[in-house]
Amino acid sequence: MPFVDSHDGTSLFYSDSGQGRPLVLLSSATMGHQLWDLHVPTLTEQGRRCVTYDRRGHGRSDWPWHGYDYDVLADDLHHLVEELDLDRVTLVGNAMGCGEVVRYLSRHGSARVERIVLVATTTPMLAVSPTNPDGLDLGVLETMLTGLRTDRPGYTAQITLPFFAGPGASPGDLPISQELAGWMGQQSLNSSLRAATEVYRTLFTTDLRPDLGKIDVPTLLVHGRRDPVAPIALCAEQSADEIRDSRLVVYDDASHGLVVTHAARLVQELLAVTS
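Because the structure is predicted, anything quoted here is derived from the model rather than measured. (Residues numbered from 1 in each chain as written. Predicted model: local features only at pLDDT ≥ 70, side-chain atom pairs only at ≥ 80, totals over all residues. Heavy atoms only, no water.)

**Q** Teacher, can you tell me more about the packing of aromatic side chains here?
**A** Where two aromatic rings form a pair, the distance of their centres and the angle of their planes describe that pair. A full pass over the atoms with the stated rule returns 2 aromatic pairs. Arranged with centres 5.4 Å apart and planes meeting at 70°, the rings of Phe 3 and Phe 13 form a pair that is edge-to-face. Here the residue Phe 3 occupies a position in strand 1 (residues 3-5), and Phe 13 occupies one in strand 2 (residues 11-17), the gap between them amounting to 10 residues. Judged by its relative accessible area of 35%, Phe 3 is partly exposed. The side chain of Arg 194 reaches across the aromatic face of Trp 65, ending 4.1 Å from its centre. (Phe/Tyr/Trp six-rings, centres within 6.5 Å; stacked < 30°, edge-to-face > 60°. Helix = DSSP H or I, 4+ residues; strand = E, 2+ residues; numbered from the N terminus. Buried < 20%, exposed > 50% of the residue type's maximum accessible area, 1.4 Å probe, protein only. Lys NZ or Arg CZ within 6 Å of the ring centre and 35° of its normal.)

**Q** How should the sheet that holds strand 2 be read in this particular structure?
**A** Remark on secondary structure: sheet strands pair via backbone hydrogen bonds, oriented parallel or antiparallel. What the 8 strands build is an open sheet, ordered 1-2-4-3-5-6-7-8; its pairing is mixed. Of all strands in the sheet, those with a lone pairing partner are strand 1 and strand 8 (246-251), marking the two edges. This sheet shows a mean twist of 20° between the axes of neighbouring strands, independent of strand direction. Relative to strand 2, strand 1 is paired through 3 bridges, and the arrangement is antiparallel. Looking at the pairing, Val 4 lines up with Leu 12 of strand 2. Docked against the sheet, helix 11 (residues 263-273) engages strand 3 (21-26), strand 4 (48-53), strand 5 (89-94), strand 6 (113-119), strand 7 (219-224) and strand 8, running at close to 160° with respect to strand 8. (Pairing = 2+ DSSP bridges. Axes fitted to C-alpha atoms, helices over the stretch in contact; angles between N-to-C directions. Contact = heavy atoms within 4.5 Å.)

**Q** Before we go on, may I ask you to explain unusual backbone geometry in this structure?
**A** Phi is mostly negative for residues that are not glycine, and the peptide bonds are mostly trans. The omega angle of the peptide bond from Thr 123 to Pro 124 is 0°, so this bond is cis rather than trans. Tracing the backbone through its elements, the reader meets Pro 124 in the loop between strand 6 and helix 4 (138-150). Positioned with a positive phi, Asp 85 is a non-glycine residue whose angle comes to about 50°. Secondary-structure assignment places Asp 85 in the loop between helix 2 (70-83) and strand 5.

Interpretation note: all reported values are geometric properties and have no functional meaning in isolation.
This is how it looks when you write it as structure tokens:
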């Protein structure tokens, strides 16, 4: 199996498929590389090289106790890009993966990066603060952490419907099969509890506004208008305003899980932007 050892010795599992212009695809919090199973086959068939990997604490990668802040996670990404000697890369982040992409660029620069794509981004900052008055109350984070610690499978099942169908949805509104939704939920359990709680703390409380101003490559943002996890006005619109060369594409009927519910459409976006 392909692994690389990161800067601190953490072993990271990755998958490297296809040939052509490289895309590195970063998953959302608690999710592993299989999040992109709906996308990689078509992308590789259309002449793209796809690299996916399990973030530390997730999937087949090592599960260390420390290292779940954006600096360390960005360093892991940097090490993978260097080890595989990737050039003219398109970095594609989903949800928390967007924060890793943004911190990577501000920390390591864009010498190897041609463009970035931020899907259902949680940037620039979710939590309310004196300088982020429209942010989400910290009680949202505490509810999330309590759910993870006390009944992780139950909490995951509870949030599945709004995650994929939006707020106020009924079971009949689920735009994917129950089986696919359940499989994605099972994937989200394949990370250590320590990793799950700490990455959620990182994505909720880190202020990435200074990082956004350092992005110097073309940026595509794709976001669902019905996203209750990363509200579009708080996240995608603010991020687009802060990134100089950016374009925002809104899926009016999509929620936070658009990477799954709108996989085919997203693949076409990725093919178009890398053509």
